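What follows is the residue order along each chain.
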Amino acid sequence: GAGVSQSPSNKVTEKGKDVELRCDPISGHTALYWYRQRLGQGLEFLIYFQGNSAPDKSGLPSDRFSAERTGESVSTLTIQRTQQEDSAVYLCASSLAGGRTHEQFFGPGTRLTVL
Amino acid sequence: AQSVTQLGSHVSVSEGALVLLRCNYSSSVPPYLFWYVQYPNQGLQLLLKYTSAATLVKGINGFEAEFKKSETSFHLTKPSAHMSDAAEYFCAVSGSSNTGKLIFGQGTTLQVKP
């Protein structure tokens, strides 16, 4: 594909439900990042995957959040028992490799609304 | 630890006027600094980055930024604003050479008036 894709583009859910967000990185990109953008705020780092290394989960806000990535392909971010404060745009980015010398390419995001 | 502060959540300029968006950073290690632009309903796009080489960095669409270590600043400028520059701009720092994770400022919305 030409760029990073994310699905769904919009998700409305009820408080307490689980949601799963998907990210398809650029083919060949070994590094993948998830960020959260709350209304009127900057992006917050959530989690980082690099190849088969253990992910950096230091940004996950609670144990209700988890993410998986199979190899160097698709990643899913799961939020269990959603709360209203989880409402945000969730952005995925990929880069050729990990580290700060490689540009991160961002997807369009998934807008999550928790009622 | 790293942090970024963007002064001014909203900036309004007239078409053709100078654009100045302010960014100050804090980093315990030599930083890499970035400016991203986000157009409505689109993902972030990299405008430019500082990676410890030249302190004056030129980016796309006529934007440039100057790294000033003594002021811990990385302000974004453009000599003449176009209507198409209206968007949200984010400054970010990466202090982690291992992961490259970015720490973002809160963003500045640029409005360009005709």
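Counting starts from 1 at the beginning of each chain's written sequence and moves along it residue by residue. Naming scheme: in the order in which they are written, chains are lettered from A and ligands are numbered from 1. The predicted origin of the model limits local features to residues at a pLDDT of at least 70 and limits the giving and counting of side-chain atom pairs to 80 or more, whereas totals for whole chains, interfaces and linings rest on all residues. Neither water nor hydrogens contribute to the side-chain values; these are computed over all heavy atoms in the structure.

### Structural notes on the interface of chain A and chain B
The condition that has to hold: Throughout, a contact is declared for two residues whenever any of their heavy atoms are within 4.5 Å. Here the quantity called buried area is the accessible surface, traced with a 1.4 Å probe, that two parts lose on coming together, added over both. Salt bridge criterion: a side-chain nitrogen from Lys or Arg within 4 Å of a carboxyl oxygen from Asp or Glu. By the criterion applied in these results, polar contacts are pairs of N or O atoms within 3.5 Å in which, for protein atoms, one can donate a hydrogen and the other can accept it, and in which residues neighboring in sequence qualify only through two side-chain atoms. Going along the chain from the N terminus, every DSSP run of H or I of four or more residues is numbered as a helix, and every run of E of two or more is numbered as a strand. When residue character is reported, Ala, Val, Leu, Ile, Met, Phe, Trp, Tyr, Cys and Pro are called nonpolar, Asp, Glu, Lys and Arg charged, and the others, Gly included, polar.
Across the contact, 21 residues belong to chain A and 24 residues belong to chain B. Buried area between chain A and chain B, both sides added, is near 1800 Å², and the carbon and sulfur share of it is 53%. Sorting the residues of chain A by area buried against chain B places A:Leu43, A:Arg100 and A:Phe106 first, and these three jointly supply 38% of that buried surface. Across the pair B:Lys101 and A:Asp56 runs a salt bridge whose closest N-O atoms are separated by 3.6 Å. Our count for the contact surface shared by chain A and chain B stands at nine residue pairs in polar contact (both at pLDDT 80 or more). Elements represented by at least two residues in the side of chain A that touches chain B include exactly strand E4 (31-37) and strand E5 (43-50) of chain A. Taken together, the residues of the side of chain A that touches chain B break down into eight nonpolar, 10 polar and three charged.

### Examining the sheet that holds strand E6 (residues 56-58) of chain B
All names here are of chain B. The test is simple: Two strands pair under a simple rule: DSSP has to find at least two bridges between them. Axis lines are fitted through C-alpha atoms, for helices just across the contact stretch, and the angle between N-to-C directions can take any value from 0 to 180 degrees.
Read across the open sheet, the five strands follow the order E1-E3-E8-E7-E6; overall the sheet is antiparallel. Two strands lie at the open edges of the sheet, namely strand E1 (2-7) and E6, each paired on one side alone. Neighbouring strand axes in the sheet, compared pairwise and without regard to direction, differ in orientation by 20° on average. With four bridges joining them, strand E3 (residues 19-27) and strand E8 (residues 73-78) adopt antiparallel strand pairing. Directly across from Val19, in E8, lies its bridge partner Lys78.

### Comments concerning the pattern of salt bridges
Stated formally: Throughout this description, buried means an accessible area under 20% of the type-specific maximum (1.4 Å probe, protein chains only), exposed means over 50%, and partly exposed covers the range between.
The tally for this structure, following the rule as stated, stands at six salt bridges over all chains. A:Asp24 is the salt-bridge partner of A:Arg22, the closest N and O atoms lying 2.8 Å from each other. On the basis of relative accessible area, A:Arg22 is assigned to the partly exposed category, the value being 36%. On the basis of relative accessibility, which here comes to 22%, the residue A:Asp24 falls in the partly exposed class. Notably, a salt bridge pairs B:Asp85 with B:Lys78, separated by 2.9 Å at the nearest N-O pair. According to the relative accessible area criterion, B:Asp85 is buried, its value standing at 2%.

### A look at the state of the cysteines
Residues and elements named next belong to chain B. Put simply, the rule is: Note on terminology: disulfide denotes any pair of cysteine sulfur atoms within 2.5 Å.
Summed over all chains, the structure comprises two disulfides over all chains. Between the sulfur of Cys23 and that of Cys91 lies a disulfide, 2.0 Å long from S to S. Given an S-S torsion of about -65°, the disulfide between Cys23 and Cys91 has left-handed geometry. Separated by 68 residues along the polypeptide, Cys23 in strand E3 and Cys91 in strand E9 (residues 87-94) bring together distant segments of the chain. Given a relative accessible area of 0%, Cys23 falls into the buried group. Among the residues examined, Cys91 registers a relative accessible area of 0% and is labelled buried.

### As for the environment of A:Thr30
Residues and elements named next belong to chain A. One can find Thr30 in the loop between strand E3 (19-24) and E4. Residue classification places Thr30 among the buried residues on the basis of a relative accessible area of 14%. Sequence separation between Thr30 and Ser87 is 57 residues, and the spatial gap between their C-alpha atoms is 28 Å. With residues near it in sequence (within four places) discarded, Thr30 still touches Phe49, Gln50, Gly51, Arg69, Glu72, Ser95, Leu96, Ala97 and Gly98.

### Description of the side chain of A:Arg64
If you trace the backbone, A:Arg64 turns up in the loop between E5 and strand E6 (65-69). The contacts of A:Arg64, once residues within four sequence positions are left out, are A:Thr78, A:Ile79, A:Gln80, A:Arg81, A:Thr82, A:Gln83 and A:Asp86.

### Examining the nonpolar core
The criterion, for reference: Note on terminology: a nonpolar core comprises buried Ala, Val, Leu, Ile, Met, Phe, Trp, Tyr and Cys residues joined through side-chain atoms within 4.5 Å.
B:Trp35, B:Leu48, B:Leu76 and B:Tyr89 are the most contacted members of the largest nonpolar core, which has 27 residues in total. Those elements that provide at least two residues to this core are strand E2 (10-14), E3, strand E4 (32-38), strand E5 (44-50), strand E7 (64-68), E8, E9 and strand E11 (108-113) of chain B. With near-sequence residues (within four places) excluded, B:Leu76 lies in contact with B:Val19, B:Leu20, B:Leu21, B:Trp35, B:Leu47, B:Leu48, B:Phe63, B:Glu64, B:Ala65 and B:Tyr89. Counting 20 residues, the second largest nonpolar core, distinct from the first, contains A:Cys23, A:Leu46, A:Leu77 and A:Tyr90.

### Topic: the confidence of the model for chain B
Regions with low pLDDT should not have their predicted coordinates read in detail. Here is the rule we go by: Residue-level confidence of the predictor is what pLDDT reports, using numbers from 0 through 100.
Residues with a pLDDT of 70 or more make up 97% of chain B, whose mean pLDDT is 93. E8(B) holds the highest mean pLDDT among the elements of chain B, 98, whereas E1(B) holds the lowest, 93.

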